[in-house]
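Below are the chains, spelled out letter by letter.
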Amino acid sequence: MAKKQNSFSLNFDTDWNYSPAPESTSHVEIKEKYDLFIGGKFVKPKSGKYFDTINPATEKSLAKVAEANEKDVDSAVKSARKAFKPWSELPASERAKYIFRIARLIQERAREFAVIESLDGGKPIKESRDIDIPLAAAHFFYYAGWADKLEYAFPNRKIKPLGVAGQIIPWNFPLLMAAWKIAPALACGNTVVLKPAETTSLTALKLAELIADSDLPEGVVNIVTGAGKTGAAIVNHPDIDKIAFTGSTEVGKIIQRAIAGTNKKATLELGGKAANIIFEDAPIDQAVEGVINGIFFNQGHVCCAGSRLFIQESIKDEVEKKLKMRLETLRIGDPLDKNTDIGAINSKGQLETIEAYLEIGKQEGLTSFQPSYSLPKKGYYCKPTLFFDVSQSSRLSKEEIFGPVLAIQTFRTVDEVIEKANNTPYGLSAGVWTDKGSKAFNLSSQLKAGVVWANTFNKFDPASPFGGFKESGFGREGGMHGLEAYLSIK
Ligand code: ADP
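Please read all numbers here as calculations on a predicted model, not as lab measurements.

S.K.: Before we move on, can you summarise the sheet that holds strand E16 (residues 405-411) with the specific residues and values?
M.R.: Adjacent strands of a sheet pair through backbone hydrogen bonds, lying either parallel or antiparallel. In spatial order, the strands read E14-E15-E16-E13-E12-E17-E18; together these seven strands make up an open sheet with mixed pairing. On the outer flanks of this sheet lie strand E14 (367-369) and strand E18 (451-454), each paired with one strand and no other. Looking at each pair of strands side by side, their axes are set apart by 20° on average, direction ignored. Where strand E15 (residues 385-388) meets E16, three bridges bridge the pair, whose relative direction is parallel. For Phe387, the partnering residue across the bridge sits in E16 and is Ala407.

Okay, structure coming up:
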């Protein structure tokens, strides 16, 4: 199939796309109300409470979603515990068949998932359609393949699944993060209680419907919805064996404190403040595209976003001029329009956070640039913004904003940029743009980041491990390393 390309297209070599039969995906159904998915069925919350999930592009409610309390979480954990023994004792090749089936069903319903993801979360449809949903299916395919090969992955070791995994995911890549969590857990023989983020529950609930259709044994995957309190109930439940969390560094620290002294294992994928570095020998136009992709992909709601740009001094004027020109051509607006480059900010709260940072930049006296076009009147929108000559001590270069805001700095030498790039509490990702392979290798070994991209950015593949250093968390997801997080290995 021809690779879909557009001016904002992200540099993917692999085409994860798949054309589903049109009749299977022509209808996108969102129910008025969603219950909790426990023991293979949708059940009413004991809390009796529901909350609205909002379309950030219209500010209107899309559906009501159940709020799980401690008793609901307890039912989900009990159901996962009951399912654990039979699931973990199933021949691994049989487990693989279920995971494979889930992957196929995601592909068949890809259009429906993409539309719901963009409606509920605000991301451009071309991103949900070409990246999030195909990659989610790819993760299930990838880990289906590992299920019966674990002994090859860990030769001469005794391996066992951990038990019941509590998985808490964020709102920036809702279905994809669910796939990152569920697929390796199941491949290793664990059962799951997963909680999506409160602003983006709908694709996880669609996944629950799909899982019910897949005939996966009841209770192997349970999906409970709610906000921080529901997440905390999962973390604190005594019968959870492992916590897998992706979200803010702040909540990551709360979780670490909560599980200290227990037997719970944990993997935490937290914040980031990635350096994207352009050397004077780089192919400038490509680098500018990479910088745009690095920070404006998914409105900058990306933990590995290239939110700090370092330009070598000799090319500062050229790069900054090209960035401004490129910002003027980005199309911001309706997430469901396939030409949209920048969609809606995920929630009102997140828009307020981003706007507070724009104000901080102003108060710090920084020069900034925003494109001249106006924003849609309704919905949570934010213009892509550049801040120039940002100092190392500025809050804009120190703190994660999680929005379409780029803090630009300059450097003269390799040593200087390494020091500046590493001067952050985070260490999730980094990017280097250069014509010299030796420089790329040197930087990738010296930058303290879990992933270092050279002449590309935001490139993901189920086979490559992902995770951070320092306050960006610990443990790896993806690839063979992602299996270790769900196994006890002797
Ligand atoms: P953000 O600040 O980007 O919204 P959070 O870290 O707050 O990210 O949220 C990530 C996920 O963690 C969401 O599913 C959220 O509901 C959940 N969460 C928030 N607070 C807690 C908590 N105290 N314990 C467990 N999960 C939590």
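S.K.: Quick rundown of the layout of surface pockets? Include the residues and the values.
M.R.: In this structure, the largest pocket encloses a volume near 880 Å³. Lining the largest pocket we find 43 residues, and of these Trp171, Phe245, Gly247, Ser248 and Val251 sit closest to its centre. At the level of secondary structure, the elements contributing two or more residues to the lining of the largest pocket comprise helix H7 (174-187), helix H9 (228-236), strand E10 (242-246), helix H10 (249-259) and helix H13 (348-363). Looking at the lining of the largest pocket residue by residue, the class counts come to 26 nonpolar, eleven polar and six charged.

S.K.: Tell me what's going on with the packing of helix H4 (residues 110-121) against helix H8 (residues 202-213), and back it up with residues and numbers.
M.R.: Between H4 and H8, the least distance of the axes is 9 Å, while the angle of their chain directions is 155°. Put simply, H4 runs roughly antiparallel to H8. Taken together, the residues of H8 that come into contact with H4 (itself represented by Glu112, Phe113, Ile116, Glu117 and Asp120) are Leu202, Thr203, Lys206, Leu207 and Leu210. When the residues that make up the contact of H4 with H8 are grouped by side-chain class, the tally is five nonpolar, one polar and four charged.

S.K.: Mind laying out the side chain of Thr203, listing which residues take part and the relevant values?
M.R.: Here Thr203 lies in helix H8. Thr203 sits in the buried class, given a relative accessible area of 1%. Residues contacting Thr203, with those up to four places away along its chain left out, are Phe113, Ile116, Glu117, Pro174 and Leu175.

S.K.: Residue-level account of the sheet that holds strand E5 (residues 60-66), with values.
M.R.: As summarised here, the arrangement of the three strands in space is E1-E5-E4, forming an open sheet in which the pairing is mixed. Two strands in the sheet have a free side with no partner beyond their single neighbour: strand E1 (33-34) and strand E4 (50-55). When E4 meets E5, the two strands line up antiparallel, connected through six bridges. Its bridge partner lying in E5, Tyr50 is registered against Ala66.

S.K.: So what about the packing of aromatic side chains? Which residues, and what values?
M.R.: One pass over the structure, following the stated rule, counts twelve aromatic pairs. For the pair Trp453 and Phe460, a centre-to-centre distance of 5.9 Å together with 90° between the ring planes defines the contact as edge-to-face. Overall, Trp453 belongs to the buried group, its relative accessible area being 6%. Ring pairs connect the aromatic residues Trp180, Trp453, Phe457, Phe460 and Phe466, which therefore count as one cluster. Above the ring of Tyr486, the side-chain terminus of Lys242 is found at 4.7 Å from the ring centroid.

S.K.: Now, about the site of the ligand: what can you tell me, with residues and values included?
M.R.: Within the structure, the ligand sits among 17 residues, and Ile169, Trp171, Lys195, Glu198 and Ser248 are positioned closest to it. The contact in question runs from a nitrogen atom of the ligand to an N or O atom on the backbone of Ala232, over 3.5 Å. In the complex, the protein chains occlude 78% of the 550 Å² of accessible area that the ligand would expose alone. Mapping the ligand onto the cavity grids shows that it belongs to the largest pocket. When contributions to the shell around the ligand are tallied by element, the ones reaching two or more residues are H9 and E10. In terms of residues, the shell around the ligand owes the most to one element, H9, which gives four residues. Grouping the constituent residues of the shell around the ligand by class yields ten nonpolar, five polar and two charged.

S.K.: An account of the pattern of salt bridges is needed here, citing residue identities and associated values.
M.R.: Tallied over the entire structure, the rule returns 32 salt bridges. Two residues, Glu59 and Lys378, come together in a salt bridge whose shortest N-O distance is 4.0 Å. Taken together, the residues span a long stretch of sequence, with Glu59 in the loop between E4 and E5 and Lys378 in the loop between E14 and E15 at a distance of 319 residues. Note that Lys195 and Glu198 form a salt bridge whose closest N and O atoms lie 3.8 Å from each other. Classification of Glu198 by relative accessible area gives partly exposed; the value is 35%. Overlapping salt bridges, with partners in common, bring together Lys31, Glu112, Lys206 and Glu209 in one network.

Reading guide: rules and limits
- Residues numbered from 1 in each chain as written.
- Predicted model: local features only at pLDDT ≥ 70, side-chain atom pairs only at ≥ 80, totals over all residues.
- Heavy atoms only, no water.
- Pairing = 2+ DSSP bridges.
- Helix = DSSP H or I, 4+ residues; strand = E, 2+ residues; numbered from the N terminus.
- Axes fitted to C-alpha atoms, helices over the stretch in contact; angles between N-to-C directions.
- 1 Å grid on protein atoms, 1.4 Å probe; cavity = no way out; pocket = protein on both sides within 12 Å on 5 of 7 lines; lining within 4 Å.
- Points joined across faces, edges and corners; volume = space filled by probe spheres on them.
- Nonpolar A, V, L, I, M, F, W, Y, C, P; charged D, E, K, R; others polar.
- Parallel < 35°, antiparallel > 145°, perpendicular 65-115°, else oblique.
- Contact = heavy atoms within 4.5 Å.
- Buried < 20%, exposed > 50% of the residue type's maximum accessible area, 1.4 Å probe, protein only.
- Phe/Tyr/Trp six-rings, centres within 6.5 Å; stacked < 30°, edge-to-face > 60°.
- Lys NZ or Arg CZ within 6 Å of the ring centre and 35° of its normal.
- Near = heavy atom within 4 Å.
- Polar contact = N/O pair within 3.5 Å; in protein donor to acceptor, adjacent residues only side chain to side chain.
- Areas by Shrake-Rupley, 256 points an atom, 1.4 Å probe, with all protein chains shown as cover.
- Sits in = over half its atoms within 2 Å of the grid points.
- Salt bridge = Lys/Arg side-chain N within 4 Å of Asp/Glu carboxyl O.

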